[in-house]
Amino acid sequence: MTQQNETKLLLISLLATLVLVAGGIWWFTNSENFGKSNGSNNSDSGNSGNLEPKENSEIVNKNTESKTSLTARISEGDKILISGDGTQEKVSATAAIAKGNYTEAINYLQNSLRAKGNDPEALIYLNNARIGQTKSYTIVASMPIGEELDAAQEMLRGVAQAQQEINQAGGINGIPIKILIANDDNDPEIAEELAEEFVNNPNIFGVIGHFGSSVSLAAAEIYQANNLVMISPTSTSVELSTVGNYIFRTVPSDRFAGSALSRYTVNELKLQKAVVFFNSESSYSKSLKDEYTTALFGDGGEVIAEYDLIDPNFNSASAVNDAIAKGAEVLMLAANSATLDQALQVVQVNDKRLPLLAGDSAYKAKTLQIGRSDAVGMILAVPWHILADPDAEFPQAAGKLWGGEVNWRTALAYDATQALIAALKRNPSRSGVQQALSSGNFEARGASGDIRFLSSGDRNQAVQLVTIQPGSRTSFGYEFVPIP
């Protein structure tokens, strides 16, 4: 009995020890965690209460990073957004502007422009530096610098030229125009974030942008909701017409382009059966496809097939051969910038077998460079062409300022800036700008004629048809020329 009692006591002691050890480990671990979470041993708050400060900290950090990122995307001259092809003087100028040394910056920027005269960013910063801290009316130019650098520079030339002209003429009742440049990367999400930044800055009276229709549509909702005018020089999707009364554009909508290409198909080419190549994820591409399809049906023709350029199984040779087998008589390329390479593959494999039509997105040097002889005869619908009226005031002034010819993106960005300037002359307030642009008697002189807007905010102007022909006006041996 004594031995059994001792054994029982030993087991009880062992169990008690294990319980104490386990309890100690639990207490130490949890008290350490609580201390890390909230700096105390107060267990009343529990784990769920201690997660909240951590989550809030992460949100604050994320918002701070986002704010820093947005600041890096906007410049009035204190930072370079277009890097890689500038001058050291331009770099020195931005450093001087950041310190408020405007006189020093002016000298640097003048020297930079002597070395590289077609740099629109440098000219805008020069005009801004001349303003310094004096009163001005601020406009933002939101450009696709990170994704479509050539297009961004083309548009900025139009903005810079208009700014230069108005400020040299004394501004608006003595008040100059300042231009902020923003880089939205042609990305809808970034454009939305920038739009929020712009609407919260009371010094901004209007926005020139954005580039792609999908990007403009994303940002337009924010501008409309917060009563800030946006004028796009390049977004043509018909969807933009319905966003609201603060949204405008100086480029004609796809309805004009679709109708013009349809009429050319039926009346000039005497053809009726077309196929369309498009990007199903692009608002511009889908819009142009739909407008051409509708117009062609109304003109007595039909689109017999559609080919999605971003389909994983898309093959240009197979698509063209399939289109011909179905009886296609003409190929219409409604590609956007992101699918221009696929469209140019279609041009090459077509090998001049069927006539080619395209929208304004194909109006790029790449089309001439890659398409070459295979692209000869292609018909494009664009808003403006310099040869349509080469002796007009704008192309003459642009040639002197930039040292060469400019294209429709420069002209329409110039028009967007001129429209905002004319509206500011009438009433320098956000609501006043909108009311002026919406007025039935609004009119401003632009590169491509008088600027007037329909009640939808669309430009009331027809498109210009151009074709590709051999020529010496480019280094590729081919050029775009207007069709009379």
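All of these numbers come straight from a predicted model, not from anything done at the bench. (Residues numbered from 1 in each chain as written. Predicted model: local features only at pLDDT ≥ 70, side-chain atom pairs only at ≥ 80, totals over all residues. Heavy atoms only, no water.)

K.L.:
Outline empty space enclosed by the protein, supporting the account with residue identities and numerical values.
P.N.:
Using the criterion set out here, one finds 2 cavities of 30 Å³ or more in the structure. Roughly 50 Å³ of internal volume is contained in the largest cavity. Residues belonging to the lining of the largest cavity are distributed by class as follows: 8 nonpolar, 1 polar and no charged. Roughly 40 Å³ of internal volume is contained in the second largest cavity. What lines the second largest cavity is simply Thr236, Val251, Pro252, Ser253, Asp254, Ala257, Asp360, Ala381, Val382, Pro383 and Val463. Those elements that provide at least two residues to the lining of the second largest cavity are α9 (254-268) and β11 (379-382). Here the lining of the second largest cavity is built from residues that sort into 7 nonpolar, 2 polar and 2 charged. (1 Å grid on protein atoms, 1.4 Å probe; cavity = no way out; pocket = protein on both sides within 12 Å on 5 of 7 lines; lining within 4 Å. Points joined across faces, edges and corners; volume = space filled by probe spheres on them. Nonpolar A, V, L, I, M, F, W, Y, C, P; charged D, E, K, R; others polar. Helix = DSSP H or I, 4+ residues; strand = E, 2+ residues; numbered from the N terminus.)

K.L.:
Explain helix α4 (residues 102-115) residue by residue, including any values.
P.N.:
The terminal C-alpha atoms of α4, which comprises 14 residues, lie 20 Å apart, in line with the 20 Å expected from a rise of 1.5 Å per residue. Taken together, the buried positions of α4 are Tyr102, Ala105, Ile106, Leu109, Ser112 and Leu113. Projection of α4 onto a plane perpendicular to its axis shows the buried side chains occupying an angular sector of 130°, all on one side. The exposed residues of α4 that point more than 90 degrees off its buried face are Thr103, Arg114 and Ala115. Of the surrounding secondary structure, the elements contacted by the buried residues of α4 are α3 (88-98) and α5 (120-131). (Expected span 1.5 Å × (residues − 1). Buried < 20%, exposed > 50% of the residue type's maximum accessible area, 1.4 Å probe, protein only. Arc of directions from axis to C-beta. Contact = heavy atoms within 4.5 Å.)

K.L.:
Help me get a handle on the nonpolar core, residues and values and all.
P.N.:
Counting residues in hydrophobic clusters, the biggest one holds 100 residues, and the most contacted among them are Ile177, Phe277, Leu331, Met378, Leu380 and Leu437. In contact with Met378, other than residues within four places in its own chain, are Leu333, Val347, Leu356, Ala358, Val466, Thr467 and Ile468. Among the nonpolar cores identified, the runner-up in size contains 24 residues, and Ala195, Val199, Ala219 and Leu240 belong to it. (Core = buried A, V, L, I, M, F, W, Y, C linked by side-chain atoms within 4.5 Å.)

K.L.:
So what's going on with the environment of Gly449? Residues and values would help.
P.N.:
Within the element layout of this structure, Gly449 appears in strand β13 (residues 449-451). You can call Gly449 buried: its relative accessible area is 17%. Setting aside chain neighbours within four positions, we find Gly449 in contact with Ala444 and Arg459.

K.L.:
Which residues make up the pairing of strand β9 (residues 330-334), and what values do they have?
P.N.:
With 5 of 5 residues buried, β9 lies mostly within the body of the structure. On β9, burial covers both faces: Val330, Met332 and Ala334 on one face and Leu331 and Leu333 on the other are all buried. Bridge count for strand β7 (residues 273-278) against β9 is 5 bridges, and the pairing is parallel. Bridging across to β9, Val276 finds its partner in Met332. With 3 bridges connecting them, β9 and strand β10 (residues 356-358) associate as parallel partners. Paired with Leu333 across the strands is Ala358, a residue of β10. You can see the chain leave β9, run along helix α12 (residues 340-350) and come back into β10, and the turn it takes is right-handed. (Pairing = 2+ DSSP bridges. Right-handed = clockwise from strand over helix to strand, strands pointing away.)

K.L.:
How would you explain the confidence of the model for the protein if you had to name every residue and give the values?
P.N.:
Caution applies to low-pLDDT regions: their predicted coordinates should not be interpreted in detail. Looking at the protein, pLDDT values average 88 and 86% of them are 70 or higher. In the predicted structure, residues 1-65 sits below a pLDDT of 50 and forms 11 contacts with residues beyond four places in sequence or in another chain. (pLDDT = per-residue confidence, 0-100.)

K.L.:
I'd like to hear about the packing of helix α11 (residues 316-325) against α12, residue by residue, with values.
P.N.:
Axis separation between α11 and α12 bottoms out at 9 Å; the angle between their running directions is 60°. The angle between the axes of α11 and α12 places the two elements in the oblique class. For the pair α11 and α12, the crossing hand works out as right-handed. Of the residues in α12, those touching α11 at Ser316, Ala317 and Val320 are Gln345, Val346, Val349 and Asn350. Split into classes, the residues belonging to the contact of α11 with α12 amount to 4 nonpolar, 3 polar and no charged. (Axes fitted to C-alpha atoms, helices over the stretch in contact; angles between N-to-C directions. Parallel < 35°, antiparallel > 145°, perpendicular 65-115°, else oblique. Left-handed = near helix turned anticlockwise from the far one by under 90°.)

K.L.:
Talk me through the sheet that holds β9; I want residue IDs and the actual numbers.
P.N.:
Adjacent strands of a sheet pair through backbone hydrogen bonds, lying either parallel or antiparallel. Taken in spatial order, the 7 strands make up an open sheet running β8-β7-β9-β10-β11-β14-β15, and their pairing is mixed. Every interior strand has two partners, whereas the edge strands, β8 (302-308) and β15 (478-482), have only one. Each strand axis lies, on average, 25° off the axis of its neighbour in the sheet, ignoring direction. Summarising the sheet, strand β14 (residues 464-470) and β15 pair through 5 bridges and their orientation is antiparallel. Residue pairing for β15: Thr467 is matched across the bridge by Val481.

K.L.:
So what's going on with the layout of surface pockets? Which residues, and what values?
P.N.:
The space that makes up the largest pocket amounts to roughly 900 Å³. Elements supplying a minimum of two residues to the lining of the largest pocket: α6 (149-168), α12, α13 (365-371), α15 (408-426) and β15. A total of 5 residues in the lining of the largest pocket trace back to one element, the largest contributor, which is α6. Of the residues assigned to the lining of the largest pocket, the class counts are 12 nonpolar, 9 polar and 11 charged. Lining the second largest pocket are 22 residues; nearest its centre among them are Asn186, Gly212, Ser282, Asn336 and Ser337.

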